[in-house]
Amino acid sequence: MDFTFTEEQQAAAEAARGVFAGVAPDAVPSPALTPGAVADDFDRPLWGRLADADLLSLLLAQEYGGAGLDSIALCLVLRESAKVLARVPLLESSAAMAAVQEYGGPELKTEVLAPAGRGEVVLTVAAHGRTGHDPAELAVTAREDGSVWVLDGMQTAVPWAYDADLVVVPARTAADRTVLAVVPRGAKGVSLGEQFSTSGERLGELRLESVRLAARQVIDAEGAWEWLRELLATGTCALALGLGERVLAMTSEYASKREQFGHPIATFQAVAVQSADRYIDLRAMEAALWQAAWRIASGAPGALPASGDVAVAKIWASEGVRRIVQTAQHLHGGFGADVGYPLHRYHAWAKHLELALGPAAAHEEALGDLLAAHPLG
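Residues numbered from 1 in each chain as written. Predicted model: local features only at pLDDT ≥ 70, side-chain atom pairs only at ≥ 80, totals over all residues. Heavy atoms only, no water.

Caption draft 1: Spatial organisation of the layout of surface pockets. The volume enclosed by the largest pocket comes to roughly 740 Å³. The wall of the largest pocket is formed by 25 residues, among which R229, L357, A362, H363 and A366 lie closest to the centre. At the level of elements, α6 (224-257), α8 (306-332) and α10 (360-373) are the ones that each hand at least two residues to the lining of the largest pocket. Here the residues of the lining of the largest pocket sort into 12 nonpolar, 6 polar and 7 charged. Of the voids in this model, the second largest pocket is the one considered here, and its volume is about 300 Å³. What lines the second largest pocket is a set of 16 residues, among which H128, A157, H352, L355 and A356 lie closest to the centre. (1 Å grid on protein atoms, 1.4 Å probe; cavity = no way out; pocket = protein on both sides within 12 Å on 5 of 7 lines; lining within 4 Å. Points joined across faces, edges and corners; volume = space filled by probe spheres on them. Helix = DSSP H or I, 4+ residues; strand = E, 2+ residues; numbered from the N terminus. Nonpolar A, V, L, I, M, F, W, Y, C, P; charged D, E, K, R; others polar.)

Caption draft 2: Spotlight on the side chain of D281. Note that D281 resides in helix α7 (residues 269-298). Every residue in contact with D281, bar those within four places of it in the chain, is listed here: W316, G320, R323 and I324. (Contact = heavy atoms within 4.5 Å.)

Caption draft 3: Fine view of empty space enclosed by the protein. Counting across every chain of the model gives 2 cavities of 30 Å³ or more. Within this model, the largest cavity holds a volume of roughly 440 Å³. Secondary structure elements with two or more residues in the lining of the largest cavity: α3 (71-83), α4 (90-103), β3 (148-159), β7 (202-214), α6 and α9 (343-355). The greatest single-element share of the lining of the largest cavity, amounting to 4 residues, is contributed by α6. Its boundaries defined by the atoms lining it, the second largest cavity holds a volume of some 30 Å³. As for the second largest cavity, its lining consists of A39, D40, D41, F42, R87, W160, D163, E201 and R202. For the lining of the second largest cavity, the class distribution of residues is 3 nonpolar, no polar and 6 charged.

Caption draft 4: Quick look at the pairing of β3. The buried fraction of β3 is high, at 10 of 12 residues. Two elements, strand β2 (residues 140-145) and β3, share 6 bridges in a ladder whose sense is antiparallel. Counted as the bridge partner of D145 is V148 from β3. A loop of 2 residues connects β2 with β3, the two strands running antiparallel in sequence, and G146 in this loop sits at a positive phi of about 70 degrees. Here β3 runs beside β7; their pairing, made up of 9 bridges, is antiparallel. For M154, the partnering residue across the bridge sits in β7 and is R207. (Buried < 20%, exposed > 50% of the residue type's maximum accessible area, 1.4 Å probe, protein only. Pairing = 2+ DSSP bridges.)

Caption draft 5: Molecular detail of the environment of G189. Examined against the element boundaries, G189 turns out to sit in the loop between β5 (178-184) and β6 (190-196). Separated by 18 residues in the primary sequence, G189 and R207 have C-alpha atoms spaced 7.9 Å apart. Sequence-distant contacts of G189, that is, excluding residues within four places in its chain, are made with R207, L208, E209 and V211.

Caption draft 6: Representation of the packing of aromatic side chains. Summed over all chains, the structure comprises 6 aromatic pairs. Measuring from ring centre to ring centre gives 5.4 Å for F42 and W47, while their planes differ by 65 degrees; the resulting arrangement is edge-to-face. Look at W47 and you get buried, because its relative accessible area is 4%. Seen from their ring centres, Y103 and W227 are 5.9 Å apart, and the 70 degrees between their planes marks the pair as edge-to-face. Taken together, the residues span a long stretch of sequence, with Y103 in helix α4 and W227 in helix α6 at a distance of 124 residues. Overall, the relative accessible area of 24% leaves Y103 in the partly exposed class. Within the aromatic cluster, the residues linked to one another by ring pairs are F42, W47 and W160. The lysine or arginine in question, R202, covers the ring of Y162, its NZ or CZ lying 4.1 Å from the ring centre. (Phe/Tyr/Trp six-rings, centres within 6.5 Å; stacked < 30°, edge-to-face > 60°. Lys NZ or Arg CZ within 6 Å of the ring centre and 35° of its normal.)

Caption draft 7: α9, seen in detail. If you check α9, its first and last C-alpha atoms are 19 Å apart, about what 13 residues at 1.5 Å a residue would give, namely 18 Å. For α9, the set of buried residues is L343, H344, R345, Y346, A348, W349, A350, L353 and E354. In this fold, the buried residues of α9 make contact with α3, α6 and α8. Within two residues after α9, L357 carries a phi angle of roughly 60 degrees, on the positive side. (Expected span 1.5 Å × (residues − 1).)

Caption draft 8: Seen up close, the packing of α3 against α7. Between α3 and α7, the shortest axis-to-axis distance is 8 Å and the interhelical angle comes to 145 degrees. Of the residues in α7, those touching α3 at S71, I72, C75, L76 and R79 are R283, E286, L289, W290, A293, W294, I296 and A297. Of the residues contributing to the contact of α3 with α7, the split by class is 9 nonpolar, 1 polar and 3 charged. (Axes fitted to C-alpha atoms, helices over the stretch in contact; angles between N-to-C directions.)

Written out as structure tokens, the structure is:
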């Protein structure tokens, strides 16, 4: 594969850097000092600036007002967003839009895509199942009742659930087929239970009781959920990479200024070795990320399905970002726990990203299943 980014992809990353330049990671109360959610809503002014910069519609075709770019461009933008802990549903809304565009019917595309690309409609995805450990597609049932679909079940830890207009929910039919239901948050039979992430963001336990949807609101296409899940996982890896890069930069800056025994601690061998190990983690995370994003964007064949590369990327992202923030806390000493310094916020977000869509162990198990089904020659 070729790791060189196109001019369009680089332009998207440059636009993102401009939009995120003025974002402060400590713009909301510290999650360490807040028993509930750090804020009632996501960063709407930032959302508006992303819309103005055409960064919400990156993956949309021109007919829907988009740039027609791919998952690599989205990951480049997500990487920049994580460096400042941007509080926006950029990954979830972009991935949901992409799934609707790829697999949805004409009516659903017309209804959702252009407004969502302008930031007027916000989407999210229910992807964690009942407990966060079981398959998301098994947590909700979908059955046809004449011309409508009826949904019953529950999904936990839905990001931005209280703020999104539409929630994309995977559901299982009696024929053992997975569909994607585009559920309006205010639909009859929909309720939310408040939950909180380690980052202090408000999540929602989504409960569906005989929710009735028109046929146009349900995507019944083979492979739609698997494709969406892989894009979400790859985007999560991009967020972990951006966060890790920022944390290592913060650690490098601190270690170069903090003196002990008359010398900067960065000159001590133990500090240098630990920092070097975390740099290696970042480079491995980056290589695995772009391999997964390229497989999704290009559809290129490989020794394993694209889900194998996504699993490898998520394993590296989960393990790597955890090691990076732990080493950063260690090298910062007590200063890393100071709520007046942003490192503890990055640590909280890193823990959320590590576990989102499954920890490393879950993806190792999935990778093992793939290797068993597709033996390497």
